[in-house]
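# An overview of the molecular structure
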Amino acid sequence: MGDAPLAGITVLDLTQFEAGPSCTEALAWHGANVIKVEEPRRGDQGRLAISERPDMDSLYFILLNCNKRSITCNLKEESGKALLRRLIARADVLIENFAPGAIERLGFGWDELQKLNPRLVFAQVKGFATDGPYAKYLSFDMIAQATGGVMSITGMPDGVPIRPGATIGDTGTGLHMCVSILSALFQRERTGQGQHLQVAMQDAMTNYCRVTFSRQPMMQEPAPRLGNSVASGAPGGLFPCKGGGPNDYCFIFVARDLTVHWERVCKAIGREDMLADPRFCDGHKRIEHKAEIEENVAAWTRERTKQEVMEAIGGAGVPAGAVFDIKDLISNEDMHRRGIMQTVEHPDRGAVVVPAWPVRFGGEAMDVVRAPLLGEHNEAVLGELLDMPPSEVADLKQAGAL
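These figures come from a predicted structure and were not determined experimentally. (Residues numbered from 1 in each chain as written. Predicted model: local features only at pLDDT ≥ 70, side-chain atom pairs only at ≥ 80, totals over all residues. Heavy atoms only, no water.)

As a further point, take the side chain of H261. On the secondary structure map, H261 appears in helix 10 (residues 259–268). For H261, a relative accessible area of 13% translates into the label buried. (Helix = DSSP H or I, 4+ residues; strand = E, 2+ residues; numbered from the N terminus. Buried < 20%, exposed > 50% of the residue type's maximum accessible area, 1.4 Å probe, protein only.)

So, in structure tokens, the structure goes:
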């Protein structure tokens, strides 16, 4: 990938599970030389801790570590630390998401890293702010969503807070960090100096709640959960479709002030008579009579599949989206054709379908390369970055560094 956007950028990836790996995978998709530095015996905990096979990397790991290379490095041994110091001197970015204080206890805090490489961008992903009251607390995706406001606004109005199915606490935080790493690299071109970046998963989640923050000052109580309804639209919500399965629904939204959309949806479902109904004559009245409108629309959607509803309503120029489930998407021919879904061949797992980077460059999708096996690139990486011959790699392994 010599002509890729981040070609020539070397990233040392000391992350595990999802929040960190999702950041480095995005960098790798853009052509960065991402070197996953792993503990020699089991590597990233996501390899086996979430696998249904004790002898095989999990699909979870494979989907979060594409386009990377893997080396092993024993940071509990001085020889392993010495090796990492040599690699840091040649790197552009170092990123970690260890438990609070762990990287500093290993001797790789910001002050030490600046001495090794003043141009280094050092990125840290933590559960909570390092200077806040919860600095020492551990966190995972669901903890971040709970403490960052996301769960409080997710769910039905009369129900309990719900954790969204998408792991925005992890991947969402990782992508926030990815953006800032790119910004720091751009800044380095002007200043010649590296940068210390920190993101708390809790803080990243608040950024996803900005629209609700805009409504909160107008309310006395905490902003409520709205479920699937859209207060500003009628019809506005999920509509049941033919089949009756758990995902046989289509979301239809007609904004209160978009009369042209209201006219289009009435024509699309063959209910032009509603256009003359005084109860539905303007946006405010349609909101007032939202239940009647949606009952009429649902009577029409129940006779059609979610794809048919989406094509009829969306094709008429009204916002509409079928609830495509993961099984739908993983087998979607158009997504495979466009490279949004790609198939990689893994030496243990065989063919694995991987969701790729969604942004296209020059109309082309980014290529996906399978995730590495543990330590697969020890000789290649150490030879390239440190001019280390295979015999020295073997000696390091014998000494316990690898």
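Turning next to the sheet that holds strand 5 (residues 121–126). One open sheet holds the six strands; their spatial order is 3-2-1-4-5-6, and the pairing between them is parallel. Each end of this open sheet is capped by a strand with a single partner; those strands are strand 3 (69–72) and strand 6 (195–200). Sheet twist, expressed as the average angle between the axes of neighbouring strands with direction ignored, equals 20 degrees. Summarising the sheet, strand 2 (residues 33–38) and strand 3 pair through four bridges and their orientation is parallel. When the sheet's bridge partners are listed, V37 is paired in strand 3 with I71. Along the sheet, helix 1 (residues 19–29) contacts strand 1 (10–14), strand 2, strand 4 (93–96) and strand 5; its crossing angle with strand 2, the most-contacted strand, is approximately 150 degrees. Against the sheet, helix 16 (residues 378–386) contacts strand 1, strand 2 and strand 3, and its axis sits at roughly 90 degrees relative to strand 3. (Pairing = 2+ DSSP bridges. Axes fitted to C-alpha atoms, helices over the stretch in contact; angles between N-to-C directions. Contact = heavy atoms within 4.5 Å.)

On inspection of all chains with the given rule, the structure shows seven aromatic pairs. When the ring of F17 is compared with that of F140, the centres are 5.7 Å apart and the planes differ by 75 degrees; the resulting orientation is edge-to-face. One end of the pair, F17, is in the loop between strand 1 and helix 1; the other, F140, is in the loop between strand 5 and helix 6 (141–147), with 123 residues separating them in the sequence. On the basis of an interplanar angle of 75 degrees and a centroid distance of 6.0 Å, the ring pair of W262 and F280 is categorised as edge-to-face. Remark: F280 occurs in the loop between helix 10 and helix 11 (283–288) and W262 occurs in helix 10; sequence separation between them is 18 residues. Linked through ring pairs, F128, Y134 and Y137 together constitute an aromatic cluster. (Phe/Tyr/Trp six-rings, centres within 6.5 Å; stacked < 30°, edge-to-face > 60°.)

We now examine the state of the cysteines. Between two cysteines, a covalent bond joining their sulfur atoms is known as a disulfide. One pass over the full model with this rule turns up zero disulfides. Sulfur of C66: no disulfide; nearest cysteine sulfur belongs to C178 and is 15 Å away. On the basis of relative accessible area, C66 is assigned to the buried category, the value being 0%. (Disulfide = S-S within 2.5 Å.)

On the secondary structure map, S229 appears in the loop between helix 9 (210–215) and strand 7 (233–240). Distance from S229 to E112, taken between C-alpha atoms, is 52 Å for residues 117 residues apart in sequence.

The next subject is the packing of helix 1 against helix 7 (residues 168–191). For the pair helix 1 and helix 7, interaxial distance at closest approach is 7 Å and the crossing angle is 45 degrees. Considering their axes alone, helix 1 and helix 7 lie oblique with respect to each other. Judged by the twist between their axes, the crossing of helix 1 over helix 7 is right-handed. For the pair helix 1 and helix 7, the contacting residues are A19, S22, C23, A26 and L27 in the first and D170, T171, G174, L175, M177, C178, I181 and L182 in the second. Residues that form the contact of helix 1 with helix 7 fall into these classes: nine nonpolar, three polar and one charged. (Parallel < 35°, antiparallel > 145°, perpendicular 65-115°, else oblique. Left-handed = near helix turned anticlockwise from the far one by under 90°. Nonpolar A, V, L, I, M, F, W, Y, C, P; charged D, E, K, R; others polar.)

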